[in-house]
Each structure stands twice: as C-alpha cells, then as structure tokens.
Amino acid sequence: MSELDDLLRNNREWADRIKQEDPGFFERLSKQQSPRYLWIGCSDSRVPANQILGLDPGEVFVHRNVANLVVHSDLNCLSTIQFAVDVLKVEHILIVGHYGCGGIQASMTGRRVGLVDNWLRHVGDVFGKHAERLHKVGTEALRLARLCELNVIEQVANVCHTTVIQDAWSRGQAVSVHGWCYSLSDGRVRELGMDVAAPEDLQPAYDRALASMPVSGKRDE
Ligand code: ZN
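Residues numbered from 1 in each chain as written. Predicted model: local features only at pLDDT ≥ 70, side-chain atom pairs only at ≥ 80, totals over all residues. Heavy atoms only, no water.

Tallying each qualifying case throughout the model produces three aromatic pairs. Consider the rings of Phe25 and Phe26, whose centres lie 5.2 Å apart with planes at 85°: the pair is edge-to-face. A network of ring pairs unites the aromatic residues Trp14, Phe25 and Phe26 as a single cluster. (Phe/Tyr/Trp six-rings, centres within 6.5 Å; stacked < 30°, edge-to-face > 60°.)

Of the protein atoms, only Cys42 (SG), His98 (NE2) and Cys101 (SG) coordinate the zinc ion, at distances of 2.1 to 2.3 Å. Each donor residue of the zinc ion belongs to the same chain, and together they define the spacing C-x55-H-x2-C. One end of the pair, Cys42, is in strand β1 (residues 37-42); the other, Cys101, is in the loop between β3 (92-98) and α5 (102-109), with 59 residues separating them in the sequence. For the pair Cys42 and Cys101, a shared accessibility class is recorded, and that class is buried. (Donors = N, O, S within 2.8 Å, 3.2 Å for Na, K, Ca; no water. Helix = DSSP H or I, 4+ residues; strand = E, 2+ residues; numbered from the N terminus. Buried < 20%, exposed > 50% of the residue type's maximum accessible area, 1.4 Å probe, protein only.)

Here we have five strands laid out as an open sheet, ordered β2-β1-β3-β4-β5, and mixed in their pairing. Lying at the two open borders of the sheet, with one neighbouring strand each, are β2 (60-65) and β5 (189-196). Adjacent strand axes in the sheet meet at a mean angle of 20°, parallel and antiparallel pairs treated alike. Packed on one face of the sheet, helix α4 (residues 75-87) meets β1, β2 and β3 and runs near 170° to β2. (Pairing = 2+ DSSP bridges. Axes fitted to C-alpha atoms, helices over the stretch in contact; angles between N-to-C directions. Contact = heavy atoms within 4.5 Å.)

For the rest of this paragraph, the subject is the layout of surface pockets. By volume, the second largest pocket amounts to about 160 Å³. Broken down by secondary-structure element, the contributors of at least two residues to the lining of the second largest pocket are α7 (121-129) and α9 (140-161). Considering every element that reaches the lining of the second largest pocket, the biggest residue donor is α7, with four residues. Residue classes in the lining of the second largest pocket are distributed as four nonpolar, four polar and three charged. (1 Å grid on protein atoms, 1.4 Å probe; cavity = no way out; pocket = protein on both sides within 12 Å on 5 of 7 lines; lining within 4 Å. Points joined across faces, edges and corners; volume = space filled by probe spheres on them. Nonpolar A, V, L, I, M, F, W, Y, C, P; charged D, E, K, R; others polar.)

What follows deals with the environment of Asp44. By the element assignment, Asp44 lies in the loop between β1 and α3 (49-53). Sequence-wise, Asp44 and Gly103 are 59 residues apart; in three dimensions their C-alpha atoms are separated by 9.2 Å. If sequence neighbours within four positions are ignored, Asp44 has contacts with Arg64 and His98.

This is how it looks when you write it as structure tokens:
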C-alpha cells in the first residue's frame, strides 16, 4: 500500500500548502463553485485541464472521456453540459482534443482494443465524413493530427446542436463554444478557428476551420 500512502501524504502536503498561502481558500470553495469554463477533453492522463490552463480548483468544470467525444445520446456528457450551462452559467465551453490521441489512432488504424472500439466508432464516423480530405494527407502521422483536429471540430458542432446550447442561445445567454487541440510535445494549445457564440456562427465557423486546416504540413509549428 506504500504507493497509496505516497498519494495521501502528497494530498496532506498540498492541502497544508494551500491553507498556508490562502487560509480561507477551502472554506470559500466549499460554499460555492462559480467556474467560467467547461472543459470537455480526453481522459488521457497527459491532458489535465487545470494544469494546462493554469487554473485553481473551482475555476473549470470538467468532463473527460476517451477521445473527447460529445455524443447526442450520452446522458453523462449532456448532463454535464446542462448543469454547466443552466446552473453554473459557464461562459465558455472548450472542446480540447490532443495530438497523438491513442483513441483516435486506434480508430484510424482499426486496431482492436476491446469494448472501447464501439465508443470509438464515433471517431470512425468523423473519418468517414472527411475521408476525401484525409486520404490527401501524405503521412500517417499527419493524418492522425488532422483527424484529431477534425474530431474536435465535429464535437464543437455537436455541442452547438444540443438542446441545452440551442435553448441558452434562444434566451440570450452568453455562452460560446471553442475547438482546441493540445500538443503533448510542447504543452501548447492550438486554436482551430472553430469558435461559435450564436447559432448563425456555426456554419461559417465550421467552413472557416476546415478551409484553414493544412493538408500537408503541421499547424503553426
Ligand atoms: Zn486521447
């Protein structure tokens, strides 16, 4: 059990350190959370929302699943979005994919992993929708990068199509949805030009994001 003992000791030290720096921190947070952001990202252990954004506990509401998918019938993800938008009143929803995503790669190569293959069929659908574009990409590594980006762009569209966001916009609530892709190799986030703040923004943003996507080279690297 020594590994878990290490974790518990880490926790005590972390809590003590925070309390020393800001004595009212935990008391304040225990009463209320008011994050401005909802992060929907991959479960990958290398893509932690708070650290990447430099945010403290209480500042970002988080939903993660394999390959950062927003599936129209996934009550888990939809409930998170609903709570974040209707109750917490987040202002920004960030869909954050990452380059080198194992889930996206497994889907692209057809490698069988197990039950998760069924979940990753949603990524297969994204590949199918953009097959013509993806087949023009020269190398497998770049094709994977493009599919990671396309997957994010499609998930942004999926969020925008939910009744939760549609209803929020129709009552004039300010909430916008953004597509990002995180690079494991340098720790930096790439914006994909997929930023939507109103129903009429969706199609133009989608068209712009696809038009600005490089076919061969890497993105601003
Ligand atoms: Zn991933």
